[in-house]
Every structure is written in C-alpha cells, then in structure tokens.
Amino acid sequence: MKYSILADLFERIENTTKRIEMTALLVELFKKTPSDVVDLVVYLTQGKLRPDYEGVELGLGEKLVMRAITLASGGSLKDIENMYKKLGDLGLVAERVLATPKTGSILSFLGIDESSRELTVKRVYNTLLKIAKASGEGAQDAKISLLTGLLKDASPKEAKYIVRTIIGKLRLGIADMTILDALAIAYGGLKSYREYIERVYNIHPDLGYIAKVLATEGLDGLRKIKITVGVPLQPMLAERLNDPTEILSKMNGECLAEFKYDGERMQIHKNGDKILLFSRRLENITNHYPDVCEVARKHIKAKEAIVEGEGVAINPDTGEMLPFQELMHRRRKYGVKEAMEKYPVTIFLFDCLYVDGEDFTVKPLPERRRKLEEIVETGEGIQLAEAKFIKDLKNLELFFEEAITEGCEGIMCKSIGPQSIYQMGARGWLWIKYKRDYRGEMTDTVDLVVVGAFHGRGRRAGTYGALLMAAYNPETDTFQTVCKVGSGFTDEDLEKLPEILKPYIIPHKHPRVESKMDADVWLVPAVVLEVIGAELTLSPLHTCAYGAIREDAGLAIRFPRFTGRYRFDKSPEQATTITELIEMFKGQRKKHLKG
Ligand code: ATP
C-alpha cells in the first residue's frame, strides 16, 4: 500500500470539520487497506507507532529533523531555520523545500528524477520504528540518516506528514472512539459489532492489533482476546454527587465507602517478578515508581495479578500524606532516586481485576475486595484503601470527615450489589465520588499548644516527627487536640525541639489535655506555636469543640504547617480558643454557601 494514499487522506481529514465525515473517510481508508498493513495504518493515523502503554516514543528533536530536511533537500540549515521561524510548522517547511527541485546534484543536472522510489506504508512505518528504537552511541546520526533517506524519496505532501509524525505533531484529532466506529462500519456494519469491539478495546486498548484481528479473523478472532497481564485495562470511573443522602439512595441504602486518596492512580501488573505500572491514561509509568514496583513484587502473593490503587506521596519523617503535587517530582527521567527518598510513595490498593488466570472484573465488588485482602500482604509502602461498609447517613458523613482529616480528598462510595462488576472504561453509578467541592482557605494563623509529640523516623530519627497540637477551652480549662503538625519545621527547629520540650515531658497524658490520640511522648501544655492550615474540617479523631457543631465530631485543621514563629510570649491559656475555631469554621462554611 502506498503511503501517498495515507497522506491524501490526512489532508482530507485536516479539512474536515464534522466527526461524521471524518468517520466516513476512515471507513473508506480501511476498506482499501490490505489486511497485512491495517495495524500500521491505524497507528500512523493516530500519529503513533505502538499503543501508548508500550511507551515507544516517536518525538525526534526539531533540531535533528531540520538537519535531515537540509540533507534531503540539499538546502542550507540557516534557510530552513529561518523558514521554520516564519511558518512555525516543520511539516510545512519540509513540504516547501522538497517542492523545489534539488540543485547541485549531478542527477538533477542531467535532468534525472531522483525521487523515483515510491514510499510504501510499510517502509515509512518500519523506518519510523527504527528511528524510535535507535539508541546508544551513534544513535543520533543513525536517526538523521534514516529520516533523510525517507524524505529523499518522499513527495512534498508525504514529507509534510512524515515530519509531523516524527515530531509528534500529526494532530489530526482522531479520537480512539472514532476509529472504533470506523472499524465497526468497515468490517461489520452492525451497531452490536461496535459495542463488541469496544468491549475488547477496554481489555486490550491496542487499536492496531484490534484492526488486524478484525481484518484477518473477523469477530471470532476478537472473541479470543482475553485480559492479559502486561496489557492495561481501561479504568472504571466514578460519577459524582455532593449530597450524601442521594448517594445512599443511589446505592440502595448500603455501600462500601473507601478513602479517596489524592495521588496518582496506578494499575499494577505482576507477572512473577516482573512488574509494570500504568497510569490513569494507561501510560507506562513503571520507571517513575521503583519503590512501588518493589513492594508490589514482594507483597502481592500471586504469580500473576492485576490490581489497582492510588499512589500517594508520604512525608518520610512524619508519615503524613502529602498533597498530590508532590508526585510531580516523580514524573521525570532523571533524579527519580532522589525524589524517591524525599517523597516516598505508599500505594493504597482498592481493586483486584485479575489473579492467576481468573478474570475478576466480572465479579461483584465484595468478592474482588476479599481477593485483594487475600493476595496482598500489607506492609510499609503498601496498604489497602481504608474502607467501611456503610448503611446510614451518619456513618457516611463521619467516614467522610475522617477521610478529609487524614489528608484525603473525600470518599468513594461503591456499590456492593450482585451487579457491582468492574465496569472497564465506563463512568457509572456503581462508583460515586463524594468530594469537597470547596476549599475554604484558612487565612488566619492560629496559636496552638504542644500537648504531645511523636518520634521522628528517617531523617528525623532522634528528634520529633510531629507534634500534637491543641486549642484552649476556657470553659473546661482544658486543651483539646486539633491537629498533628509535622510540616514547616526547618532543620534547625528540629534540632532545637527536643531541647525546648524536654522540661515538659511527663509519663502520661496531662490531666488538662483531652485527646483521643495516643502520643509517643506526653507534655505539659506550655509551649505555644503559630500554625496555619488549608482549612478547618470536622473530624471524629480530634477533641476540639467536640459535639459543638456535630454530635460525634470535633474540629481539625487540614494540612497544618508550623509558620516558624514560637509564641514564647504567650501562655498556653492565651492560645487560640475553641470558640474562635468554631467561628472560623462557620465563616468558612458561609463563604462556601455564598460561593
Ligand atoms: P475521573 O478519574 O473520575 O475522570 P478525575 O481524574 O478528576 O476524574 P477524581 O474526580 O479525583 O479524578 O476521582 C477519581 C479518581 O480518584 C480515580 O481515578 C482514582 O485515581 C482516585 N481514587 C482515589 N482513591 C480511590 C478509591 N478508593 N477508589 C477509586 N478511585 C480512587
């Protein structure tokens, strides 16, 4: 099959504005594509060489591509750079310069057409693949020479699309779903066919492969495609509701509620000792998380398994969960090791899709959860998502507040009925997310009293990892806990802390302290520190103003941070009172309602 057919089609697609026309053009293309290259045609149409999850990177640097265009056209690099500056599209540059007859070569002097070799889809594809895979010493030169060879034989239009493909800017905007539609029409024609193809796509999201099987073996071939370890499945997605009563009624009165962790979704594939991690978008993210691979290898007690969870960055000194942004340090090629030490990740597993030959996606959630519990040995760095069976509103709300206090985004309510299968690639009501839809900023700092402390780990061994902080209740003359603060301390602070707190250490909780938490070290309420947080929340874990807003919860500060100010000028009784905190909480709510 000639590559020019593809280039012509790309041009027509570029001029199309309606999805329906685009689909028709693709159908036309597939109908004239021989079955042995249909996979290559699909990939090239998507501007890629392999499905995303295989991580084959096409993107050749623009500088190298400009050199190849220079060599293929016989022009000067300077001219090409200038033209690129003007046109802003290297594809157009290639098209222009290759449209002008080459000067200077003997063949052109003799009037002989140099580009007599017609490009085929196979040749273009194979050359691009070779370019993508070339590595090691001399790889750059090899890439340039491969591309030059291709461009020399290309028509101007072909060169335009080859260049755009190689720099990762084909951008035809063809969604996977459009290709699925076109495949169904080209090879089947029935709507049911389309649904079936999509189902297969959900367990094997490789459109080239699906096209090839369809073209060569038909629907029967597709039936043979099963879940495969190493090939990611399309993730199940949740609907969203903000009214817990509505959530419970959608769930027929009962559900499994889980913490909704604020990290990165990971689909873990285990095959013996081999581990692969895929992101929510099914990219291969294995190299970003060697620590998750390690715990998965050791703690998943099955030979073959596909499980799913959320990876969360943890403060190694305090064990607290860090906001999602901290994971950005992992999304890079170099320095992963350093990032791993600074921001270790714990994976919180919430689903189990496949274990040793058995497909669990078709089983109801309670069965999947049981299997997960059976095959995962939890330990440092690997946990199961905190979960609770919920049957009433009160417990749903309490669990939600608990999740928020622990640094989570909210909760996931999941159906536990007989129909509660893992719906790949679908957003449905079997899972409902219940998130905070507002972020009341805590604009004011508060002055809190240190009433307890927790030993540090890692870099903070020998000093404290976090301090238990309390507000003052003048009515009862007690100190009621409101947060555990571990952030905001400099190395110098950390060094000084044991010394500062030492005089106040006592063997048990101070009688004026009200706490539901067990600290490693108890202190006489004396030292006052200034703290700021993201917002105030309700929490069953803290005693501050317990019962004042809601019967079974106190107030807590989310993501608290020490500002650096020791309030030695304040006595503990001059610390922020619970009444002030109640007012702050109410103000926050009002702001939310107004917004
Ligand atoms: P979506 O993934 O639904 O398109 P999104 O990317 O904006 O939306 P969220 O709205 O935050 O994500 O909610 C869904 C995500 O929550 C999941 O994709 C997953 O990464 C994460 N998550 C955290 N904890 C859980 C859990 N216990 N069960 C399922 N998903 C969870």
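For every chain, the first residue of the written sequence is number 1, and numbering continues from 1 along that sequence. Local features in this predicted model are restricted to residues of pLDDT 70 or higher, and side-chain atom pairs are both shown and tallied only at a pLDDT of 80 or more, whereas totals for entire chains, interfaces and linings draw on every residue. In computing side-chain values, all of the structure's heavy atoms are included and hydrogens and water are not.

**Description of the overall build of the chain**
The numbering of helices and of strands both runs from the N terminus, where a helix is a DSSP run of H or I of at least 4 residues and a strand a run of E of at least 2. Scanning the chain from N- to C-terminus turns up 20 helices and 21 strands. Counting only C-alpha atoms and orienting by the principal axes, one finds that the chain spans roughly 100 × 55 × 50 Å. Element-wise, carbon and sulfur atoms account for 50% of the exposed surface of the chain, whose accessible area totals about 27,300 Å². Using the Shrake-Rupley algorithm and a 1.4 Å probe, accessible areas are obtained, with residue cover drawn only from the displayed protein chains.

**Here we look at the pairing of strand 11 (residues 427-435)**
Looking at chain direction, strand 1 (residues 237-240) and strand 11 are connected through four bridges and run parallel. Within the sheet, the bridge partner assigned to glutamate 239 lies in strand 11 and is isoleucine 432. Here, strands pair whenever DSSP counts at least two bridges between them.

**What to know about the site of the ligand**
Lys260, Arg280, Glu310, Arg427 and Lys433 are the nearest of the 16 residues found near the ligand. Contacts described as polar in this section are N or O atom pairs within 3.5 Å, which, within protein, must combine one atom able to donate a hydrogen with one able to accept it, while residues neighboring in sequence count only if both atoms come from side chains. Side-chain polar atom of lysine 435 to an oxygen atom of the ligand: 3.0 Å apart, as the coordinates give it. Considered on its own, the ligand offers 600 Å² of accessible surface; in the complex 82% of this is hidden by protein. Of all the elements in the fold, those that place two or more residues in the shell around the ligand are strand 2 (255-260), strand 10 (410-414) and strand 11. Any residue with a heavy atom positioned within 4 Å of a molecule or strand is treated as near that molecule or strand.

**Focus on the pattern of salt bridges**
Salt bridges, as used here, are contacts in which a Lys or Arg side-chain nitrogen is within 4 Å of a carboxyl oxygen on Asp or Glu. What the rule picks out here adds up to 43 salt bridges. A salt bridge links lysine 2 to glutamate 118, with the shortest nitrogen-to-oxygen separation between them at 3.9 Å. Here lysine 2 is found in the segment before helix 1 (3-14), whereas its partner glutamate 118 is found in the loop between helix 7 (106-109) and helix 8 (121-133), with 116 residues between them in sequence. Residue burial is assigned from relative accessible area. The probe radius is 1.4 Å, only protein chains are included, and a residue is buried under 20% of its type maximum, exposed over 50%, and partly exposed in between. Overall, the relative accessible area of 41% leaves lysine 2 in the partly exposed class. Here glutamate 118 falls in the exposed class, since its relative accessible area comes to 55%. Salt-bridge contacts for aspartate 52 lead to lysine 48; the nearest nitrogen and oxygen are separated by 3.4 Å.

**Quick notes on the packing of helix 1 against helix 3 (residues 38-45)**
Fitting a line to C-alpha atoms yields each axis, with helices limited to the stretch in contact; the angle taken between N-to-C directions then spans 0 to 180 degrees. Running from N to C, helix 1 and helix 3 point in directions that differ by 35 degrees, and their axes come no closer than 11 Å. Between helix 1 and helix 3 lies a crossing whose hand is right-handed. When helix 1 is examined against helix 3, the residues Tyr3, Leu6 and Phe10 are found in contact with a partner set consisting of Val41, Leu44 and Thr45. All residues other than Ala, Val, Leu, Ile, Met, Phe, Trp, Tyr, Cys, Pro, Asp, Glu, Lys and Arg, Gly among them, are scored as polar; the first ten of these are nonpolar and the last four charged. Residues belonging to the contact of helix 1 with helix 3 are distributed by class as follows: five nonpolar, one polar and no charged. Helix crossings get a hand from a simple test, with the near helix turned counterclockwise from the far one by less than a right angle marking a left-handed crossing and a clockwise turn marking a right-handed one. Two residues qualify as a contact provided that any one of their heavy atoms is within 4.5 Å of a heavy atom in the partner residue.

**Description of the layout of surface pockets**
The space that makes up the largest pocket amounts to roughly 1,100 Å³. Using protein atoms alone on a 1 Å grid, points that fit a 1.4 Å probe yet trap it form a cavity, whereas open point sets bounded by protein on both sides within 12 Å along at least five of seven lines form a pocket; residues with an atom within 4 Å of a point count as lining. Along the walls of the largest pocket sit 46 residues, with Ile314, Thr318, Gly319, Glu320 and Met321 positioned nearest its centre. Breaking the lining of the largest pocket down by element, the ones donating at least two residues are helix 15 (290-299), strand 6 (345-355), strand 8 (382-384), helix 18 (393-405), strand 14 (478-485) and strand 20 (554-558). Here the lining of the largest pocket is built from residues that sort into 22 nonpolar, 13 polar and 11 charged. Just so you know, the domain bounds were taken from an automatic or database domain assignment. Inspection of the lining of the largest pocket shows a minimum of three residues originating in each of domain 2 (239-435) and domain 3 (446-594). Size it by volume and the second largest pocket reaches roughly 840 Å³. If you go around the second largest pocket, you meet 30 residues; those closest to its centre are Asp52, Gly55, Val56, Glu57 and Leu58. Tallied by class, the residues present in the lining of the second largest pocket amount to nine nonpolar, 11 polar and 10 charged. Grid points are joined across faces, edges and corners, and a volume is the space filled by probe spheres set on the points.

**A few points about unusual backbone geometry**
The residue asparagine 252 is not glycine, and still its phi comes out positive at about 55 degrees. Topologically, asparagine 252 is positioned in the loop between helix 14 (244-250) and strand 2. With relative accessibility at 71%, the residue asparagine 252 sits in the exposed group.

**Regarding the sheet that holds strand 2**
A sheet is described by the order of its strands in space; here five strands give the open sequence 1-11-10-2-9, paired in mixed fashion. Two strands lie at the open edges of the sheet, namely strand 1 and strand 9 (387-390), each paired on one side alone. Averaged over all neighbouring strand pairs, the angle between strand axes comes to 35 degrees, with direction disregarded. Helix 18 rests against strand 2, strand 9, strand 10 and strand 11 of the sheet, and its axis sits at about 135 degrees to strand 10.

**Quick look at the domain arrangement of the chain**
Taken as a whole, the chain is organised into domain 1 (48-166), domain 2 (239-435) and domain 3 (446-594). Using only C-alpha atoms to locate each centre, domain 1 and domain 2 end up separated by 45 Å.

**What about the environment of lysine 303?**
Secondary-structure assignment places lysine 303 in the loop between helix 15 and strand 5 (304-313). For the pair lysine 303 and asparagine 271, spaced 32 residues apart in the sequence, the C-alpha separation amounts to 6.0 Å. Contact partners of lysine 303, with chain neighbours within four places excluded, come to Lys270, Asn271, Gly272 and Asp356.

**Describing helix 15**
Taken as a whole, helix 15 has its buried residues at Asp291, Val292, Cys293, Val295, Ala296 and His299. The secondary structure elements touched by the buried residues of helix 15 are strand 3 (264-271), strand 4 (274-278), helix 16 (336-342), strand 6, helix 17 (365-375) and strand 8.

**Quick notes on the nonpolar core**
Of all hydrophobic cores here, the largest spans 75 residues; its most connected members are Tyr3, Phe30, Leu151 and Ile162. Element by element, the count of residues in this core is highest for helix 8, at seven residues. With residues near it in sequence (within four places) discarded, tyrosine 3 still touches Phe10, Leu44, Leu119, Thr120, Val121, Val124, Glu158, Tyr161 and Ile162. Grouped together as the second largest cluster of nonpolar side chains are 39 residues, Ile390, Leu396, Cys413 and Leu430 included. Take the buried Ala, Val, Leu, Ile, Met, Phe, Trp, Tyr and Cys residues and link them wherever side-chain atoms come within 4.5 Å; each set so joined is a nonpolar core.

**Looking at the side chain of glutamate 402**
Along the polypeptide, glutamate 402 turns up in helix 18. As used throughout, the charge tally considers Lys and Arg to be positive and Asp and Glu to be negative, leaving His and the chain termini uncounted. This buried residue, glutamate 402, is left without a salt bridge; lysine 388 holds the nearest opposite charge, at 4.9 Å. Here glutamate 402 is in contact with Phe259, Pro540 and Leu541, once residues within four sequence places are set aside.

**Digging into the packing of aromatic side chains**
For this analysis, a ring pair means two rings from Phe, Tyr or Trp (six-membered ring only for Trp) whose centres lie within 6.5 Å, classed as stacked if their planes differ by under 30 degrees, edge-to-face if by over 60, and tilted for the remaining angles. Inspection of the entire model under this criterion finds 13 aromatic pairs. Here tyrosine 261 and phenylalanine 348 contribute two aromatic rings whose centre-to-centre distance is 4.1 Å and whose plane-to-plane angle is 10 degrees, an arrangement assigned as stacked. Here tyrosine 261, found in the loop between strand 2 and strand 3, pairs with phenylalanine 348, found in strand 6; they are 87 residues apart in sequence, far enough to count as distant. Summarising the burial analysis for this pair, tyrosine 261 and phenylalanine 348 share the class buried. Taking the centre distance of 6.1 Å and the plane angle of 80 degrees together, the rings of phenylalanine 350 and tryptophan 431 count as edge-to-face. Pair noted here: phenylalanine 350 is in strand 6 and tryptophan 431 is in strand 11, with a separation of 81 residues, a long-range link. Judged by its relative accessible area of 3%, tryptophan 431 falls in the buried class.

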